[in-house]
Amino acid sequence: GLAERLQAVMQRLRGKGKVTEADVKEAMREVRLALLEADVNFKVVKTFINRVKERAVGQEVLKSLTPGQQVIKVVNEELTELMGGEQSKLVKSNRPPTVIMMVGLQGAGKTTTSGKLARYLSKQNHHPLLVAADVYRPAAIRQLQVLGEQLDTPVFSLGEKEDPVKIAEQGVAYAKEHHHDYVIIDTAGRLHIDETMMEELKAIREKVQPDEVLLVVDAMTGQDAVNVAESFNKKLGLTGVVLTKLDGDTRGGAALSVKAVTNCPIKFVGMGEKTDALEPFFPDRMASRILGMGDVLTLIEKAQAAVDAEKARDLERKMRTQTFTLEDFLDQLQQVRKMGPLEDMLAMLPGAGQIKQLKNFKVDEKQIARVEAIIRSMTKEEKLHPEIINASRRKRIAKGSGTTVQDVNRLLKQFEDMKKMMKQFSSMAKMAKKKKRGF
Ligand code: GDP
Ligand code: MG
């Protein structure tokens, strides 16, 4: 699959201390082939490769990353950009109900996804109404009703003799009357795009003025999914795409090309037949998943944004040799401020989840200023050897920093906990290092 192939290319780059232009060229040739074989639109591939090459060759050099890592970083960023960059959330109407119209070819997963969306919204304390506007497919209404019963979500229907436009219209009116804040309209698909279907969908759209027109497409159909998205968008106008069956044996091409070709964001992905198998789509997470680097990449990014490499190395050494002082602690707190919670940072490191002190270690951002004041009120001697801080010194420090003795006690306790945690962490890190090389 795509992921495996890209991961192999990245793996080869990863360890490299030096990357020549020829290395980049070779890697990009392989990335290009992998993308084409995964059924990514060829124009999209071309633009993508050019952008990566341009950036990978003439880019800013970051101290904290090896050249191999930098190329990976660029590939990752460009993949993310290709899929839309930011997460594209479901629209919410100022005047409820928010109306969501589901469209797509037969068998793409509209009815299933309507149910999944209803569940997703209910979990967020909304009260969706499902509307059965597919009057053509045998048992389509029944299928939605069964889902509704399972999910405890009402289903509006007028049977299969009525006009879908009227069903949609009355469904929305019913939702208003019964205080549903979301309406999900399940429409009929065809095996292929045809004018009759499009006309019907347009008529529904005109009538109910949906906030979202979501196209449901089957990821397994690859390039076809992208073509379907393009025609629906041209003929009907879409606000977003739901990519289903991503759990199956897909080549991944659809996920990568939809946004670039149609300019419609992917909003959700379907990961299975069950009603809980729907996930909001995050371009950055998808890119990392494809490159197989998960959170390690996020860690590199955060680290590189906020910490200078020397400082990180210094900290690592201090953790290893256990010469971490209150000065360092203060330094850490200041960096935490820039990077986000320390617990999040550490949780991303492989194995850190097993450290039990981590669970109790919370940095309350509001307290950082107080901690700073306390540490600044200590003498150099006290900062280096906190064990000498006795009762009278505690009183003096509290007074000097405008805090209380309890505050000082709490800080010293936190510092001790952190030292313990680091001791554990450093032994875990040593074990991890033995196991694998690379990042
Ligand atoms: P519709 O004709 O567009 O309404 O499609 P349906 O909702 O009836 O779904 C067609 C088939 O695809 C059903 O068998 C669903 O269980 C299946 N399906 C839908 N979404 C997914 C998904 O994300 N993963 C998998 N594996 N199957 C799905
Ligand atoms: Mg259906």
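Scroll up a little and you will see the structure.
Residues numbered from 1 in each chain as written. Chains lettered and ligands numbered in written order. Predicted model: local features only at pLDDT ≥ 70, side-chain atom pairs only at ≥ 80, totals over all residues. Heavy atoms only, no water.

Colleague: Provide a residue-level description of helix H6 (residues 140-151), including the pertinent values.
Modeller: With 12 residues, H6 should cover 16 Å at 1.5 Å per step; its first-to-last C-alpha distance of 17 Å lies within 8% of that length. Taken together, the buried positions of H6 are occupied by Ala 140, Ile 141, Leu 144, Leu 147, Gly 148 and Leu 151. Seen from one end, H6 has its buried residues packed into an arc of 125°, which puts them on one side. Across from the buried face of H6, at angles greater than 90 degrees, the exposed residues are Glu 149 and Gln 150. (Helix = DSSP H or I, 4+ residues; strand = E, 2+ residues; numbered from the N terminus. Expected span 1.5 Å × (residues − 1). Buried < 20%, exposed > 50% of the residue type's maximum accessible area, 1.4 Å probe, protein only. Arc of directions from axis to C-beta.)

Colleague: Mind laying out the sheet that holds strand E8 (residues 278-280), listing which residues take part and the relevant values?
Modeller: Taken in spatial order, the eight strands make up an open sheet running E3-E2-E4-E1-E5-E6-E7-E8, and their pairing is mixed. Unpaired on one side and paired on the other, strand E3 (155-156) and E8 mark the two borders of the sheet. Where strand E1 (residues 98-103) and strand E5 (residues 212-218) come together, four bridges link them in parallel fashion. Across the sheet, Met 101 pairs through a bridge with Val 213, a residue of E5. On top of the sheet, helix H7 (residues 164-177) reaches E1, strand E2 (128-132), E3 and strand E4 (182-186); it is set at about 160° to E2, its chief contact. (Pairing = 2+ DSSP bridges. Contact = heavy atoms within 4.5 Å. Axes fitted to C-alpha atoms, helices over the stretch in contact; angles between N-to-C directions.)

Colleague: So, helix H17 (residues 368-376): which residues are in play, and what are the values?
Modeller: Taken residue by residue, H17 has Ile 368, Val 371, Glu 372, Ile 374 and Ile 375 as its buried positions. Viewed end-on, H17 has its buried residues packed into an arc of 165°, placing them on one side of the element.

Colleague: Describe the pairing of strand E6 (residues 240-244), and please don't skip the residues or the numbers.
Modeller: Burial within E6 is extensive, with five of its five residues counted as buried. Bridge analysis of E5 against E6 gives five bridges, and the strand direction is parallel. Across the sheet, residue Val 217 finds its bridge partner in E6, namely Leu 243. Looking at chain direction, E6 and strand E7 (residues 266-270) are connected through three bridges and run parallel. Its bridge partner lying in E7, Leu 243 is registered against Val 269.

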